[in-house]
Amino acid sequence: MTPHQYSPDEIALKLARARRLEADGVSTRQLCQVLGVAELTYLRWKRRYGALDSDAVTRLVSLEKENARLRAVIARMEDALGMRSMVARHADEVEAC
């Protein structure tokens, strides 16, 4: 079975359907079979997005992606600044000799 990347809208729809099925007394295992997802995937989604609607899930996913991008930018900037300070220290040491 090939992995599938679900969109935030798909996740929200599946979680809404899961809530309806849970209210009808369907077990988690059966619920996952109906939704076509692994039990671990469903439990991860439920823990992470449980009470959110479709718009909120979409917004959360986009914010998480933006956060990851900004963290990468900051890491690159910190690396660049670290290299500059190391070069400056080395230059000062060379001039002192």
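No experiment lies behind these values; they were computed from the predicted model shown.

## Section: the packing of aromatic side chains
Throughout the structure, instances matching the rule amount to one aromatic pair. Ring geometry for Tyr 6 and Trp 45: centres 5.2 Å apart, planes at 90 degrees, overall edge-to-face. You can see Tyr 6 sitting in the segment before helix H1 (8-23) and its partner Trp 45 sitting in helix H3 (residues 39-49), a full 39 residues away along the chain. For the pair Tyr 6 and Trp 45, a shared accessibility class is recorded, and that class is buried.

## Points about the confidence of the model for the protein
Residues shown with low pLDDT carry predicted positions that ought not to be read at fine detail. Residues of the protein with pLDDT of at least 70 account for 91%, and the chain-wide mean is 84. The least confident element of the protein, judged by mean pLDDT, is helix H4 (residues 54-96) at 81; the most confident is helix H2 (residues 28-35) at 94.

## Observations regarding the pattern of salt bridges
Tallied over the full model, the rule gives four salt bridges. Residue Lys 46 is joined to Glu 22 by a salt bridge in which the shortest nitrogen-to-oxygen separation is 3.0 Å. On the criterion of sequence distance, the pair formed by Lys 46 in helix H3 and Glu 22 in helix H1 is long-range, its members being 24 residues apart. You can call Lys 46 partly exposed: its relative accessible area is 39%. The class of Glu 22 is partly exposed, set by a relative accessible area of 29%.

## Description of the side chain of Lys 14
Position of Lys 14 relative to the elements: it lies in helix H1. Buried and unpaired, Lys 14 has no salt bridge, with Glu 10 as the nearest side chain of opposite charge at 6.9 Å. Ignoring sequence-local partners within four residues, the contact set of Lys 14 consists of Tyr 6, Leu 35, Val 37 and Trp 45.

Definitions and limits used
Throughout this description, residue numbers start from 1 for each chain and increase along the sequence as written. The predicted origin of the model limits local features to residues at a pLDDT of at least 70 and limits the giving and counting of side-chain atom pairs to 80 or more, whereas totals for whole chains, interfaces and linings rest on all residues. Side-chain metrics rest on all non-hydrogen atoms present in the structure, leaving aside hydrogens and water. Under the pairing criterion, centres of Phe, Tyr and Trp rings, with the six-membered ring standing for Trp, must be within 6.5 Å; the plane angle then separates stacked pairs below 30 degrees from edge-to-face pairs above 60, leaving the rest tilted. What counts as a helix is a DSSP run of H or I of at least four residues, what counts as a strand is a run of E of at least two, and both are numbered from the N terminus. A simple rule labels every residue: compare its accessible area, found with a 1.4 Å probe on the protein chains alone, to the largest value its type can have, and call it buried under 20%, exposed over 50%, or partly exposed in between. Predictor confidence is given residue by residue as pLDDT, running from a minimum of 0 to a maximum of 100. Salt bridges are defined as contacts in which a side-chain nitrogen from Lys or Arg sits within 4 Å of a carboxyl oxygen from Asp or Glu. Counted as positive: Lys and Arg. Counted as negative: Asp and Glu. His and the chain ends are not counted at all. Whether two residues are in contact is decided by their heavy atoms: any pair within 4.5 Å suffices.

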